[in-house]
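# Structural characterization, general
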Amino acid sequence: MALQAILFDFNGIILNDERIHQELIDQLILEENLRPVRGEYRQICLGRSDRACLVDLFKRRGRFLSEAQLQALIARKHRYYQQWLEALEPLPLFVGLDDFIFQARAAHLRMGVVSGALRSEIEPVLARSRLAQHFSVIVAGDDIPTSKPDPTGYLLAAEKLDCAPGECLVIEDTLAGIQAAKRAGISVAAVANTYPFHMLQRQANWTVDALEDLELDRIRDLLSRQRA
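Residues numbered from 1 in each chain as written. Predicted model: local features only at pLDDT ≥ 70, side-chain atom pairs only at ≥ 80, totals over all residues. Heavy atoms only, no water.

## Some details on the overall build of the protein
Our working definition: The helix and strand labels rest on DSSP assignments: H or I over at least four residues marks a helix, E over at least two residues marks a strand, and numbering proceeds from the N terminus. The reference for a compact globule is 2.2 Å times residues^0.38; the radius of gyration itself is calculated from the C-alpha atoms. Buried means the residue's accessible area, taken with a 1.4 Å probe over protein chains only, is under 20% of the maximum for its type, while exposed means over 50%, and partly exposed covers the values in between. We call two residues in contact whenever any of their non-hydrogen atoms come within 4.5 Å of each other.
Helix and strand content of the protein: ten helices and six strands. Computed over its C-alpha atoms, the radius of gyration of the protein comes to 17 Å, within 12% of the 17 Å expected for a compact globule of 228 residues. For the protein, the proportion of its 228 residues judged to be buried stands at 52%. When contacts within the protein are restricted to residue pairs at least 6 apart in sequence, those whose partners lie at least 24 apart make up 66%.

## Side note on the nonpolar core
The criterion, for reference: We call a set of buried residues a nonpolar core when its members are Ala, Val, Leu, Ile, Met, Phe, Trp, Tyr or Cys and they connect through side-chain atoms within 4.5 Å of each other.
Formed by 81 residues in total, the largest nonpolar core has its most connected members in Phe8, Phe10 and Ile171. A total of seven residues in this core trace back to one element, the largest contributor, which is helix 4 (residues 67-86). Excluding anything up to four places from it in sequence, Ile171 contacts Ile6, Leu7, Phe8, Asp9, Ile13, Phe100, Ala189, Val191, Leu211 and Leu214.

## Some details on the packing of aromatic side chains
As a reminder, the rule being used: When two rings of Phe, Tyr or Trp (its six-membered ring) have centres within 6.5 Å they constitute a pair, described as stacked for plane angles under 30 degrees, edge-to-face for angles over 60, and tilted for the intermediate range.
The full count for this structure, using the stated rule, is three aromatic pairs. Seen from their ring centres, Phe8 and Phe135 are 5.3 Å apart, and the 90° between their planes marks the pair as edge-to-face. Here Phe135 lies in the loop between helix 6 (119-128) and strand 3 (137-139) and Phe8 lies in strand 1 (residues 5-8), a separation of 127 residues in the sequence. Of the two residues, Phe8 and Phe135, both sit in the buried class. Geometrically, the ring pair formed by Tyr81 and Trp84 is tilted, given 5.6 Å between the ring centres and 35° between the ring planes. Of this pair, Tyr81 and Trp84 both sit in helix 4, separated by three residues, roughly a single helical turn. Just as Tyr81 is buried, Trp84 falls in that class too.

## Description of the pairing of strand 1
The condition is simple: Two strands qualify as a pair provided that DSSP identifies no fewer than 2 bridges between them.
The alternating pattern of strand 1 places Ala5 and Leu7 on one face and Ile6 and Phe8 on the opposite face, and all of these are buried. Where strand 1 meets strand 2 (residues 110-114), four bridges bridge the pair, whose relative direction is parallel. For Ala5, the partnering residue across the bridge sits in strand 2 and is Arg110. As judged from the four bridges shared by strand 1 and strand 4 (residues 168-172), these two strands associate in the parallel manner. Residue Ala5 lies in a different strand from strand 4, and its bridge partner there is Cys168.

## Section: the sheet that holds strand 3
Basically, it comes down to this: Here, axes are lines fitted to C-alpha atoms. For helices the fit covers the stretch in contact, and angles between N-to-C directions go from 0 to 180 degrees.
One open sheet holds the six strands; their spatial order is 3-2-1-4-5-6, and the pairing between them is parallel. Since the sheet does not close on itself, it has two edges, and those belong to strand 3 and strand 6 (206-208), each with one partner. Neighbouring strand axes in the sheet, compared pairwise and without regard to direction, differ in orientation by 20° on average. Bridge count for strand 4 against strand 5 (residues 187-191) is four bridges, and the pairing is parallel. Opposite Val170, over in strand 5, you have Val188 as the bridge partner. Running at roughly 165° to strand 5, helix 8 (residues 175-183) makes contact with strand 4 and strand 5 of the sheet.

## Description of the state of the cysteines
Think of a disulfide as a covalent bridge from one cysteine sulfur atom to another cysteine sulfur atom. Short version of the rule: When two cysteine sulfur atoms lie within 2.5 Å, the pair is treated as a disulfide.
Scanning all chains against the criterion turns up one disulfide. The residue that forms a disulfide with Cys45 is Cys53, at a sulfur-sulfur distance of 2.0 Å. Because the sign of the S-S torsion sets the handedness, a value of about 60° for the bond joining Cys45 and Cys53 places this disulfide among the right-handed ones. When sorted by exposure, Cys45 lands in the same class as Cys53, which is buried. Left without a disulfide partner, Cys163 is nearest to the cysteine sulfur of Cys168, which lies 4.7 Å away.

## Quick look at the side chain of Glu40
For clarity, the cut-off: Throughout this description, a polar contact denotes any pair of N or O atoms lying within 3.5 Å of each other; where both atoms belong to protein, one of them has to be capable of donating a hydrogen while the other can accept it, and for residues adjacent in sequence the pair is counted only when both atoms sit in side chains.
Relative to the helices and strands, Glu40 resides in helix 2 (residues 40-44). Using a relative accessible area of 7% as the deciding quantity, one classes Glu40 as buried. Looking at Glu40, its side chain comes within polar contact range of the side chain of Arg61, at 2.6 Å.

Below, the structure is given as structure tokens:
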């Protein structure tokens, strides 16, 4: 079974913005008269949607959010995030992204984005960076009710691209994302943008320090031989 499609995570693979997400989550917690805890964002939120992150963070503090309260928090964070994006020029895209997309296009591979981020956060970045034309499918955090490590997002993206999971490759940077892809039956190439190399290597099929180190031709050959 030959490789047909590549599914990219967004935050931590395309856009280098995990630091700002942590700062905005901490800001929300402070605004709600609560206190951020060092290391908690990394433990609870990395690779997951804002919905899942906020529910768990507030539950840890004994506060259970109604749907209206949760939506208000998500909307507030989104406003803060949009203000940050609008003020930023150029966008902090990861080194090697353009070259990797060029390789994927040259190999006639379809591409999609699967992320816990909101669609209204993903699409403007892809448009501003002139990458939107390369991604025929986006599965965002507001498209599905679950968050990584649940595999629903990756399964839906593969279906929309008309590919079997075994014909896809996922590019991820978090443990939750790797778990989601594996549960969907998709091979994973992990990039050590967010977690240390050795932590990702234990779970991913391939691990590299940077996207520019990922050898797409070699991966395609290995996957083809494994599935022959």
